[in-house]
Amino acid sequence: MAGQISISRRGFLASTMAGGLCLGLRIPVPGAAMAQEGAPTEVNAWVVIHPDDTVVIRVARVEMGQGTLTGLAQLVAEELDADWEKVRTEYPTPGESVARNRVWGPFGTYGSQGIRASQQYMREGGATARAMLLRAAADRWGVEPETLTVSRGVISGPDGQTLRYGELAADAAAVEVPSEVTLKDPSQWTIAGQPVKRIDTAPKLDGSQIYSLDHTMPGMLNAAIRQTPVPGGKVAGFDANAVRDMPGVREVVAVGEDAVAVVADTWWRAKTALEALPIEWNEGENADLSMDQIHAMLDEGLEAEEAFIGTSRGDFAAARAEAAQVVEAVYHFPYQHHATMEPMNATALWTPERCEVWTATQDAEAALAATATAADLPIEQCEVYRFTLGGGFGRRASSHDYVHQAVAIAKAMPGTPVKLIWSREEDMLHGCYHPITKAKMVGTLDADGNLTGMHMRISGQSIFAGLMPEALEEGLDPLAFQGLNAESDEGEFGYSVPNLLIDHAMRNPPVRPGFWRGVNNNQNAFYLESFMDELAHAAGRDPLEFRRSLLADHPRHRAVLDAVAEAIGWDSAAPEGVFRGICQHMGYGSYVAAAAEVSVDDQGQLTIHRIVAATDPGQVINPQQIEAQIEGSFAYGLSAALLSEITVSDGRIDQANFDTYPVVTMREMPEVESIVMPSGGFWGGVGEPTIFVAGPAVMNAIFAATGKRVRTLPLASTDLRTG
Amino acid sequence: MARIRVNGTVHEVDAEPETPLLWVLREQIGLTGTKFGCGIAACGACTVHLDGIPMRSCVMQIQDIDEGQEITTIEGLSPDGTHPVQRAWAELDVPQCGYCQSGQIMAAAALLADNPDPSDEDIVAGMTNICRCGTYNRIKAAIKRAAELG
Ligand code: FES
Ligand code: FES
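Residues numbered from 1 in each chain as written. Chains lettered and ligands numbered in written order. Predicted model: local features only at pLDDT ≥ 70, side-chain atom pairs only at ≥ 80, totals over all residues. Heavy atoms only, no water.

Colleague: Tell me about the overall build of chain B, and please be specific about residues and values.
Modeller: Summing up its helical and strand segments, chain B has five helices and five strands in all. Computed over the C-alpha atoms, the radius of gyration of chain B is 15 Å, within 12% of the 15 Å expected from 2.2 N^0.38 for a compact globule of 150 residues. The C-alpha extent of chain B, read off along each of the three principal axes, is 45 × 25 × 25 Å. A buried classification covers 59% of the 150 residues belonging to chain B. For chain B, contacts bridging at least 24 residues in sequence account for 56% of all contacts bridging at least 6. Here chain B has roughly 5,300 Å² of accessible surface; of this, 48% comes from carbon and sulfur atoms. Put simply, chain B has 11 plus and 20 minus side-chain charges, and the middle of one group is 9 Å from the middle of the other. (Helix = DSSP H or I, 4+ residues; strand = E, 2+ residues; numbered from the N terminus. Rg over C-alpha atoms; globule rule 2.2 N^0.38 Å. Buried < 20%, exposed > 50% of the residue type's maximum accessible area, 1.4 Å probe, protein only. Contact = heavy atoms within 4.5 Å. Areas by Shrake-Rupley, 256 points an atom, 1.4 Å probe, with all protein chains shown as cover. Lys, Arg positive; Asp, Glu negative; His and termini not counted. Charge placed at Lys NZ, Arg CZ, Asp CG, Glu CD.)

Written out as structure tokens, the structure reads:
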């Protein structure tokens, strides 16, 4: 069963976590060395070895398409000198983690940190297991470990004798855990750093991959849910008797104050009955909410006296007073929905003593906490089993509302497992939307066309305020400045602008925000990189040269920009009727840039002929998977830039399915040429960063083609027809 | 009771006549490789073959299918996962999250059955399934590879 693990407890007494190095601490038990015939051995928390030499690597972070499972397995296998062909993975559960003092570290898989935030301790886990296997072989042969060599899971001794990892695992688990291990230099890597195939592809080709939505168990019932159509609304009443006799219906359950679920033998019957169920709503104070109101809030923030200053250097007011030219523009980035292909769902089984949940989550520990809260049980009496996600993109990290609900429904039916599935409509109407913002950009140029100052006022929604107010700092949201920070390893503003002011007026409409692939970098890069283009044109300068002149102090920012410029042929003329745009940004520890070639016909029809994207993520674990992430990030980012938008009328989300929330399909998908250019010495993220540059590269090219500056996304709202 | 033929086996299913084939496959027959994505024929995650024609099973009512018609799901595309489309998909490491891929593979297999040597435009016209992970370019390349593998 997915998500379940088998842990050999032989000799295992306690676990400890020290200095980021997480290892099982064992006291050898005499006579226990003969492991049960055929049973796997846990060498340490990360590495389990079977007698047939299969190596199982435990991964706390979750796979949702981004390749983390494969990348982390490559890193552990590398340090372990395992035979890559024999490597498998499994997910430990958060309940096991609690019981073992969080031996696997954090489970959270967001912020493009799946690999970079766990690579150190996982590589150490692999190296430690290797050292223990070597020690065990040395002891068997009565030699020193230094005289041994390892290749692909086989240890060779000085006299040509060999032992396989599968033969040694039980002994290895009993030797003393080394206090120190030396990790390989990336230049020595043979598994990591290579474009190996993903470890999880086969079951995705024949229907055998089990997702959370496919989970089933004996006696399981299915639930369909309807949640308040207006944020903050509540159920005023419903008539369960109207549907009780419909086929398959077992129960009608109020879920919290704002939702009703029908439980039936099949989901289709539950959904059919739910549609027939009369529900009355108390819509509450947001029943009139409209885009006009939301825009008015944001517009007020653009001009507000007070704002939270993120970066301030020099004296922008003085620069403005002395400017030869002042350029001003207002930009807007709308709400977006995650639209994971697999809608939200969870299965729960509740009894007064225990609650178990089977679900897809980007943070199994948070899902466990949600389970315990909803179950009203101590966390030790709860467990969450997880599956490969049918997409996450931040939705399954933003809220575990679906877990809460599944547990609440199961609690009404003790002892019966219930699977809750959101219809696509429920999913789209109850998202954690990419926050809505606007920005007022003001730039000052001197008589020679040099940028002397910039003020960037962001007005709009805070994700922290909406989801986790405890993360705010004195009521302010530092995350608003992603990619705009003066000094930051995570996302540094690259341009040397002598007088710079970046501030945020938090304005929070009552629509729930969430972390959406790229998060605040999306709008920040769109605002800044479009405006840099405006400034270059106002100064009569080439957009590439203008940027380069301001990036002298940030060579990595400039290097990726140069790479895409060269690849697209910036210095030579584009084909007839084809126009180019370029941009760069830094986020999640990586430097990214893109260049686009587009044409726009008389009817205003956009064609994207070519995209070149570059990333410097410091280290590369699997170059072909980085290319896959770059392509995917363009599909996702261009959906938002070109097509998709969530809006509100009368307090209700207007878009309920893919017919009204169009996304990029193969027809809109451009060719993407990827440049992966690790400069070494740091670990940047890969799943998100290139999404930042998808929109601005194309919008800048559209300006070059049409003279129209797209300041409001998605592009679909702009008429590109000439004349 | 309805009788339908899936991957060569006839199943008697207890479902209302309006029930979409998708949910009969998933809930009554236990074939969960066919995915639910939208329920309105917009995403293609639920694509199966009906007598070889790609169909979006989320909007096909069970009452409109007769026992003489052959339904093929991802589980029945090939006995051992070696259909040329599956081999090409593996070779090019197409899936990311994988959730849309059953539908993509079924759509691609039907496209190639109909047109063994599709042009780029044929592929774009035939492949309208949504992939939120954005695997489109690898899908396109894999279809060409599958055409070579024949
Ligand atoms: S689920 Fe059938 S097309 Fe989307
Ligand atoms: S692979 Fe994830 S939706 Fe297509």
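Next comes the rest of the account.
Colleague: Explain the packing of helix H8 (residues 364-375) of chain A against helix H10 (residues 401-411) of chain A to me, and be specific about the residues and the numbers.
Modeller: Residues and elements named next belong to chain A. Between H8 and H10, the least distance of the axes is 9 Å, while the angle of their chain directions is 35 degrees. The two elements H8 and H10 cross, and the hand of that crossing is right-handed. Residues Ala367, Ala370, Thr371, Thr373, Ala374 and Ala375 of H8 pack against Val403, His404, Val407 and Lys411 of H10. Taken together, the residues of the contact of H8 with H10 break down into six nonpolar, three polar and one charged. (Axes fitted to C-alpha atoms, helices over the stretch in contact; angles between N-to-C directions. Left-handed = near helix turned anticlockwise from the far one by under 90°. Nonpolar A, V, L, I, M, F, W, Y, C, P; charged D, E, K, R; others polar.)

Colleague: How would you summarise unusual backbone geometry if you had to cite specific residues and measurements?
Modeller: Here the bond from A:Leu713 into A:Pro714 is cis, since omega is 0 degrees, no more than 30 degrees from zero. With respect to the helices and strands, the residue A:Pro714 is situated in the segment after helix H17 (691-706). Despite not being glycine, A:Glu474 has its phi angle at roughly 50 degrees, a positive value. Assessed through its relative accessible area of 80%, A:Glu474 is described here as exposed. Here the phi dihedral of B:Asn7 falls at roughly 50 degrees; this positive angle occurs in a residue that is not glycine. Within the fold, B:Asn7 resides in the loop between strand S1 (2-6) and strand S2 (9-13).

Colleague: Explain the packing of aromatic side chains to me, and be specific about the residues and the numbers.
Modeller: Here the structure, examined in full by the defined rule, presents 19 aromatic pairs over all chains. Taking 4.6 Å as the distance between ring centres and 40 degrees as the angle between the ring planes, the aromatic pair formed by A:Trp267 and B:Trp23 counts as tilted. Residue A:Trp267 is located in helix H5 (residues 267-276), and its partner B:Trp23 is located in helix H1 (residues 21-29); the two belong to separate chains. With respect to burial, A:Trp267 and B:Trp23 carry one shared label: buried. (Phe/Tyr/Trp six-rings, centres within 6.5 Å; stacked < 30°, edge-to-face > 60°.)

Colleague: Quick one: what's the story with the interface of chain B and chain A, residue by residue and with numbers?
Modeller: Listed per partner, the contact involves 50 residues of chain B and 60 residues of chain A. Here chain B packs against chain A, burying approximately 4,400 Å² in sum over the two surfaces, 57% of which is carbon and sulfur. Three residues stand out in chain B for area buried against chain A, namely B:Gln96, B:Tyr99 and B:Arg132, and they jointly supply 19% of the buried area on that side. On the surface where chain B and chain A come into contact, there are six salt bridges. With a shortest N-O distance of 2.8 Å, B:Glu16 and A:Arg269 are connected by a salt bridge. Secondary-structure elements contributing two or more residues to the side of chain B that touches chain A are H1, helix H2 (84-91), helix H3 (101-114), helix H4 (120-126) and helix H5 (136-149) of chain B. (Buried area = accessible area lost by both parts, 1.4 Å probe. Salt bridge = Lys/Arg side-chain N within 4 Å of Asp/Glu carboxyl O.)

Colleague: Can you tell me about the sheet that holds strand S25 (residues 590-600) of chain A, naming the residues and giving the values?
Modeller: Residue and element names in this part refer to chain A. The mixed open sheet is built from four strands, whose spatial order is S24-S25-S26-S29. With one partner strand each, in any of the chains shown, strand S24 (579-587) and strand S29 (672-676) form the two edges of the open sheet. Each neighbouring strand pair of the sheet contributes to a mean axis angle of 15 degrees, computed without reference to strand direction. Contacting S24, S25 and strand S26 (606-616), H17 runs over the sheet at an angle of about 155 degrees to S24. (Pairing = 2+ DSSP bridges.)

Colleague: How would you explain the sheet that holds strand S16 (residues 325-333) of chain A if you had to name every residue and give the values?
Modeller: Residues and elements named next belong to chain A. With mixed pairing, the five strands of this open sheet are ordered in space as S15-S23-S22-S21-S16. Among the strands making up the open sheet, the edge pair consists of strand S15 (308-313) and S16. Looking at each pair of strands side by side, their axes are set apart by 10 degrees on average, direction ignored. With nine bridges joining them, S16 and strand S21 (residues 437-445) adopt antiparallel strand pairing. Following the sheet pairing, His332 is matched in S21 by Lys438. Lying over the sheet, helix H13 (residues 521-538) contacts S16, S21 and strand S22 (451-460), oriented at roughly 150 degrees with respect to S16.

Colleague: Before we move on, could you go through the side chain of A:Arg517 and cite the residues and values that matter?
Modeller: All names here are of chain A. Checked against the element boundaries, Arg517 lands in the loop between strand S23 (499-506) and H13. Look at Arg517: it is buried, it has no salt bridge, and the nearest opposite charge is Glu688 at 6.4 Å. At a separation of 3.0 Å, a polar atom in the side chain of Arg517 contacts the side chain of Gln629. Setting aside its immediate chain neighbours within four residues, Arg517 contacts Phe393, Asn522, Gln629, Gly632, Ser633, Tyr636, Gly687, Glu688 and Ile691. (Polar contact = N/O pair within 3.5 Å; in protein donor to acceptor, adjacent residues only side chain to side chain.)

Colleague: Which residues make up the nonpolar core, and what values go with them?
Modeller: If you look at the biggest cluster of nonpolar residues, it comprises 163 residues, and the most contacted ones within it are A:Met454, A:Phe634, A:Val698, A:Met699 and B:Trp89. Membership of the second largest hydrophobic core comes to 54 residues, among which are A:Leu72, A:Leu75, A:Val87 and A:Val143. (Core = buried A, V, L, I, M, F, W, Y, C linked by side-chain atoms within 4.5 Å.)

Colleague: So what's going on with helix H3 (residues 119-141) of chain A? Which residues, and what values?
Modeller: Its 23 residues give H3(A) an end-to-end C-alpha distance of 33 Å, which sits within 8% of 33 Å, the value for a rise of 1.5 Å per residue. Within two residues after H3(A), A:Gly142 carries a phi angle of roughly 65 degrees, on the positive side. (Expected span 1.5 Å × (residues − 1).)

Colleague: Describe the packing of helix H16 (residues 623-643) of chain A against H5(B), with residues and values.
Modeller: Running from amino to carboxyl end, H16(A) crosses H5(B) at an angle of 115 degrees, the nearest separation of the two axes being 8 Å. In this structure, H16(A) uses A:Gln624, A:Gln625, A:Glu627, A:Ala628, A:Glu631 and A:Ala635 to contact H5(B), whose residues at the interface are B:Tyr136, B:Asn137 and B:Arg138. The residue makeup of the contact of H16(A) with H5(B), split by class, is three nonpolar, three polar and three charged.

Colleague: Go over the environment of A:Thr68 with me, naming the residues and quoting the values.
Modeller: All names here are of chain A. Looking at the secondary structure, you find Thr68 in helix H1 (residues 68-80). The exposure class of Thr68 is buried, given its relative accessible area of 6%. On a C-alpha basis, the gap between Thr68 and Ile115 in space is 6.2 Å, while along the polypeptide they are 47 residues apart.

Colleague: Please give an account of the pairing of strand S3 (residues 41-44) of chain A that cites residues and values.
Modeller: Residues and elements named next belong to chain A. Of the pairings in the sheet, the one linking S3 to strand S4 (residues 47-49) comprises three bridges and is antiparallel in character. In the strand pairing of S4, Glu42 is matched with Val48. Between S3 and S4, which follow one another and run antiparallel, lie two residues.

Colleague: Just give me the short version of the side chain of A:His338, but keep the residues and values in it.
Modeller: All names here are of chain A. Of note, His338 is situated in the loop between S16 and strand S17 (345-350). Here Phe393 takes part through its backbone oxygen, which lies 3.5 Å from a polar atom of the side chain of His338. Among the polar contacts made by the side chain of His338, one reaches the main-chain amide nitrogen of Arg395 at a distance of 3.3 Å.

Colleague: Any chance you could break down H16(A) for me, citing the residues and the numbers?
Modeller: Given 3.6 residues per helical turn, the α-helix brings residues three or four places apart onto the same face. Over its 21 residues, H16(A) runs 30 Å from end to end, which matches the ideal 30 Å to within 8%, given 1.5 Å per residue. Within H16(A), 18 of the 21 residues are buried, leaving the element largely enclosed by the surrounding structure.

Colleague: Please provide a residue-by-residue account of the environment of A:Thr54, values included.
Modeller: Residue and element names in this part refer to chain A. You can see Thr54 is positioned in the loop between S4 and strand S5 (55-58). Counting along the chain gives 31 residues from Thr54 to Glu85, while the straight-line C-alpha distance between them is 8.7 Å. Once residues lying within four places of it in the same chain are set aside, the contact partners of Thr54 are Val48, Ile49, Lys86 and Arg88. A polar contact of 2.8 Å, which involves the side chain of Thr54, links it to the side chain of Asp52.

Colleague: Break down the state of the cysteines for me, with residues and values.
Modeller: Counting across every chain of the model gives zero disulfides over all chains. Of all cysteine sulfurs, the one in B:Cys97 lies closest to A:Cys432, which takes part in no disulfide; the gap is 18 Å. (Disulfide = S-S within 2.5 Å.)

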